[in-house]
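Chains, contacts and geometry: an overview
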Amino acid sequence: MENEKMTVKAFMNHVLVGHAVGIVAGLVPSALLGELSKALMGQIPIFGVINQLVSIYMLAVPLLIGAAVGYQFKMKPIPMACVAASAWIGSGALVFTPNGITINGIGDLVNTLVTVSLTSALVLLVGGRLKSFEPLIMPVLVCTVGGGVGVAMFPYVHKVTVGLGQMINSFSILQPIPMGILIAVCFSVIMISPVSTVAIATAIGMSGIASGAGNLGCVAAAVGMFVGGLRVNKIGLSLSIVLGTPKIMIAAMVRQPKILIPIMLNAALLGTVGALFQIKGTPISAGFGFSGMVGPINAIHFMAGGVTAVNLLTIVLVFIGIPFAGGFFFEWICRRVFHLYNAEDYSTEMAEFKKEKKEPQPKLVLEKA
């Protein structure tokens, strides 16, 4: 690790950026190819293999988060690998059963964040003191202390996630429009936080119009961060937000929570529209938004008549037309009329990767014998 003045703000920024990078790296392949491969695997066998590959890759999210956080702190290979391993241990993705160890999805991303924060702090505190004993002591120390604390905290942190889901589930007793507004607004904020919208939706069995509202809230988050970041982030990064996951913007949201205001307003609009058009979904589709087109595909299956021209136009209107129109309008009115924030507030620290000086890459040179 390079010498760096480590303040609490700098520490949390490194952790949040690494957390976002790991999530994006793990979820984007499934988001782009998951539903497509599922639809085509029956006709073209290779897509069955692709579906397996992206699913396995998605399960590595905790490991990728740990590695990305380690990179943010410029850790050496062994500490970086230790942080990645502790993130996987503390994620709760691994479950011990009488029949052996099973993998429970990607675990709880909040506890992964807690574990990786504690482990990174541990590495920063003791790493420089181990010297040549680092390969011997660091893995044992991080596994037992960092990973152990993560495992011990998992039940309590997971209760917070479940409790949040139960609070959102209480909105389902309301009339469709108020319910749609509240659920969509909540999911629009959660979608950008370390909390998993999919985990909440599946934990409470969210379905029907409530699921549709949650999905549209995720759409509002993706569109809002895409629209707001167009002026300051490169197009590739912006597309990763809208097609992959807006969790890329976790650090930006923490720095400037005000950028959530236009997103929440758009989510309220979409929650209303979803209730009026009877947009429905399943517990799985509720937390996806645009990702993999899971939301739109499930919504059209619940519509009377299934895949018809009218229903397709409705899906395009509800999932693309209104979200983008509302996204541009609410972002403009909050920034230009009410002056709540500047365009630069949407800048993500992931942009630092494009600003770093490009070092010459090592080349393989084959010498003649």
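We now turn to the structure provided with this report. Computed from a predicted structure; not experimentally measured.

Concerning a nonpolar patch on the surface
A cluster of nonpolar residues, Leu32, Leu33, Leu36, Leu230, Ile235, Leu239, Leu243 and Phe328, forms a patch on the protein surface that exposes about 690 Å² of accessible area. Secondary-structure elements contributing two or more residues to the nonpolar patch are α1 (8-40) and α10 (235-244). Positionally, Leu230 belongs in the loop between α9 (208-229) and α10.

Re the pairing of strand β1 (residues 94-97)
The pairing of β1 with strand β2 (residues 100-103) spans four bridges and is classified as antiparallel. If you follow Val95 over to β2, its bridge partner there is Thr102. Linking β1 to β2, which pair antiparallel, is a turn of two residues.

Some words on empty space enclosed by the protein
Summed over all chains, the structure comprises one cavity of 30 Å³ or more. Estimated volume of the largest cavity: approximately 40 Å³. Elements supplying a minimum of two residues to the lining of the largest cavity: α12 (260-276) and α14 (309-337). The biggest single contributor to the lining of the largest cavity is α12, with three residues. Tallied by class, residues from the lining of the largest cavity come to three nonpolar, three polar and one charged.

A short note on the nonpolar core
Judged by nonpolar contacts, the single largest core of 37 residues is most densely connected at Ile168, Ile183, Phe187, Ile192, Met206 and Met225. Where this core is concerned, the elements lending two or more residues are α6 (134-169), α7 (176-190), α8 (197-203), α9, α10, α11 (250-255), α12 and α14. Of all the elements, α9 adds the most residues to this core, at six residues. Dropping the residues within four chain positions of it, Phe187 is found in contact with Ile168, Thr197, Ile200, Ala201, Met206, Gly214, Gly217, Cys218, Ala286 and Gly287. The next biggest cluster of nonpolar side chains, apart from the first, holds 25 residues, and it includes Val17, Ile106, Val116 and Ile250.

So, the side chain of Ser188
Note on placement: Ser188 falls in helix α7. By relative accessible area, which is 0% here, Ser188 ends up buried. Here Val185 takes part through its backbone oxygen, which lies 2.6 Å from a polar atom of the side chain of Ser188. Setting aside residues up to four positions removed in sequence, Ser188 forms contacts with Gly217, Ala220, Ala221, Ile263, Met264 and Ala267.

Brief notes about α1
The end-to-end C-alpha separation of α1 is 48 Å, in line with the 48 Å expected for 33 residues at 1.5 Å each. Roughly 45 degrees is the biggest bend found in α1, and it falls at Leu33.

Quick notes on the pattern of salt bridges
According to the stated counting rule, one finds three salt bridges in the structure shown. Here Glu134 ties to Lys76 by a salt bridge, and the two come within 3.8 Å at their closest N and O atoms. In this pair, Glu134 is assigned in helix α6 and Lys76 in the loop between α3 (61-72) and α4 (77-90), connecting sequence segments 58 residues apart. For Glu134, a relative accessible area of 7% gives the class buried. Taking the relative accessible area as the measure of exposure, Lys76 reaches 43% and is therefore partly exposed. Between Glu331 and Arg335 there is a salt bridge, and its shortest N-O distance comes to 2.7 Å. Of this pair, Glu331 and Arg335 both sit in helix α14, separated by four residues, roughly a single helical turn.

Structural notes on the packing of aromatic side chains
Applying the stated rule across the entire model yields four aromatic pairs. With a centroid separation of 5.2 Å and 40 degrees between ring planes, the pair formed by Phe11 and Phe73 is classed as tilted. Here Phe11, found in helix α1, pairs with Phe73, found in the loop between α3 and α4; they are 62 residues apart in sequence, far enough to count as distant. Exposure remark for Phe73: the relative accessible area of 3% places this residue in the buried category. Between Phe226 and Phe324 the ring centres are 6.0 Å apart and the planes differ by 85 degrees, which places this aromatic pair in the edge-to-face class. One end of the pair, Phe226, is in helix α9; the other, Phe324, is in helix α14, and 98 residues separate them in sequence. The class of Phe226 is buried, set by a relative accessible area of 10%. Assessed through its relative accessible area of 23%, Phe324 is described here as partly exposed.

Procedures and definitions
Residues numbered from 1 in each chain as written. Predicted model: local features only at pLDDT ≥ 70, side-chain atom pairs only at ≥ 80, totals over all residues. Heavy atoms only, no water. Patch = residues over 30% accessible without salt bridge, like charges linked within 9 Å, V, L, I, M, F, W, Y side chains within 5 Å. Areas by Shrake-Rupley, 256 points an atom, 1.4 Å probe, with all protein chains shown as cover. Salt bridge = Lys/Arg side-chain N within 4 Å of Asp/Glu carboxyl O. Helix = DSSP H or I, 4+ residues; strand = E, 2+ residues; numbered from the N terminus. Pairing = 2+ DSSP bridges. 1 Å grid on protein atoms, 1.4 Å probe; cavity = no way out; pocket = protein on both sides within 12 Å on 5 of 7 lines; lining within 4 Å. Points joined across faces, edges and corners; volume = space filled by probe spheres on them. Nonpolar A, V, L, I, M, F, W, Y, C, P; charged D, E, K, R; others polar. Core = buried A, V, L, I, M, F, W, Y, C linked by side-chain atoms within 4.5 Å. Buried < 20%, exposed > 50% of the residue type's maximum accessible area, 1.4 Å probe, protein only. Contact = heavy atoms within 4.5 Å. Polar contact = N/O pair within 3.5 Å; in protein donor to acceptor, adjacent residues only side chain to side chain. Expected span 1.5 Å × (residues − 1). Bend = angle between axes of the 7 residues up to and from the residue. Phe/Tyr/Trp six-rings, centres within 6.5 Å; stacked < 30°, edge-to-face > 60°.

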